[in-house]
Amino acid sequence: MNILLVNGSPRAERSGTLRIAESFVEGISRVCECKVDTVALYKKNILPCTGCFSCWSRTPGECVIKDDMEDIRKSVLGADVIIESFPLYFFGMPSLMKQFTDRMLPLTKAYGYEVSPVSAKSFHEFRYESLLKKKLVVVSSCGYTETDKMYGALISQLDLICGEGNYTHIFCPQGELLHVNELKRKLDEYFARVGIAGEIFAREGFLDNETINSLKTPLLTPKAFEMLARSHWVK
Ligand SMILES: Cc1cc2nc3c(=O)[nH]c(=O)nc-3n(C[C@H](O)[C@H](O)[C@H](O)COP(=O)(O)O)c2cc1C
């Protein structure tokens, strides 16, 4: 299995979300042989999409901007599983990740102003059949306790991009706790559960609701989290 792990956290290697994504990959690798390529977006030269639509018209499938996205798109096409790892910023993906996503436009076909497709299909039809067979896993952590409320906008966006539910997700609340050494025992237990989720994904190709829900269960009660936040971060 070829896995492409995209780290879209501006915190780079210090990203808490990345620790979750890596535990997930460890779980997969316990079940099947895999080759893992990691793309650290903050190290790459990725310019913003300029909206020229050349990739849909004059040079179909080709972007006129010559930067690191050329190689990254090749890595996406060569992967069986793409794991996107990023924190939630203002209820969506951070700008680094959005820039990467915008520059995927060459992998989609021109939008012909047709009526909306059925919800199970991507709004933008993929240019290559092989993209339909790939699996996308979105791993994200957020600061707050209520993932359902926090991730509503991102889920709507992912549903439109991939087709409703055509991706796997792990959303972790209270993300700042991932850096608190005093919670090591709880964190090790959480990462172990993420690893088991990786094993399930490797075997089944998706995660069941019970696993998804267990990974979005906060480590601390809202009250305990609030007290810790007040003593550590809120000035
Ligand atoms: C600019 C910015 C915006 C954020 N927006 C949200 C948000 O909308 N909702 C939320 O729950 N957390 C938000 N957070 C908190 C991060 O999602 C959280 O700290 C995350 O766990 C960081 O993950 P990382 O270590 O992988 O970068 C925000 C943080 C920053 C810096």
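Residues numbered from 1 in each chain as written. Predicted model: local features only at pLDDT ≥ 70, side-chain atom pairs only at ≥ 80, totals over all residues. Heavy atoms only, no water.

**Some details on the environment of leucine 41**
Inference 1: Here leucine 41 is to be found in the loop between strand E2 (35-40) and helix H2 (69-78).
Inference 2: Separated by 33 residues in the primary sequence, leucine 41 and glycine 8 place their C-alpha atoms 5.6 Å from one another.
Inference 3: Excluding residues that lie within four positions of it along the chain, leucine 41 makes contacts with Val6, Asn7, Gly8, Ile46, Ile72, Leu96, Met97 and Phe100. (Helix = DSSP H or I, 4+ residues; strand = E, 2+ residues; numbered from the N terminus. Contact = heavy atoms within 4.5 Å.)

**A short note on the pattern of salt bridges**
Close approach of charged atoms lets side chains of opposite charge pair.
Inference 1: If you walk through the whole model with that rule in mind, you get 14 salt bridges.
Inference 2: Glutamate 189 is the partner of arginine 193 in a salt bridge, and the nearest nitrogen-oxygen pair spans 3.1 Å. In this pair, arginine 193 and glutamate 189 are both assigned in helix H7 (residues 184-204), four residues apart and thus about one turn of the helix distant.
Inference 3: For glutamate 189, a relative accessible area of 41% translates into the label partly exposed.
Inference 4: Note that arginine 203 and glutamate 199 form a salt bridge whose closest N and O atoms lie 3.5 Å from each other. Linking arginine 203 with glutamate 199, this pair stays in helix H7, spanning four residues, or about one helical turn.
Inference 5: Using a relative accessible area of 53% as the deciding quantity, one classes arginine 203 as exposed.
Inference 6: One salt-bridge network, held together by shared partners, links Arg30, Glu199 and Arg203. (Salt bridge = Lys/Arg side-chain N within 4 Å of Asp/Glu carboxyl O. Buried < 20%, exposed > 50% of the residue type's maximum accessible area, 1.4 Å probe, protein only.)

**Here's the deal with the nonpolar core**
Inference 1: Counting residues in hydrophobic clusters, the biggest one holds 33 residues, and the most contacted among them are Ile20, Phe24, Ile83, Ile170, Leu177, Tyr190 and Leu207.
Inference 2: At the level of elements, strand E1 (2-7), helix H1 (16-31), strand E3 (81-87), strand E4 (135-141), strand E5 (168-172), H7, helix H8 (209-215) and helix H9 (222-232) are the ones that each hand at least two residues to this core.
Inference 3: Leaving out residues up to four positions away in the same chain, isoleucine 20 has contacts with Val139, Ser141, Ile170, Cys172, Leu178, Tyr190, Phe191 and Val194. (Core = buried A, V, L, I, M, F, W, Y, C linked by side-chain atoms within 4.5 Å.)

**Side note on unusual backbone geometry**
Inference 1: Positive phi values are uncommon outside glycine, yet alanine 12 reaches one of about 55 degrees.
Inference 2: Here alanine 12 is to be found in the loop between E1 and H1.
Inference 3: In this structure, glutamine 174 is a non-glycine residue whose phi angle is positive, near 50 degrees.
Inference 4: Positionally, glutamine 174 belongs in the loop between E5 and H7.

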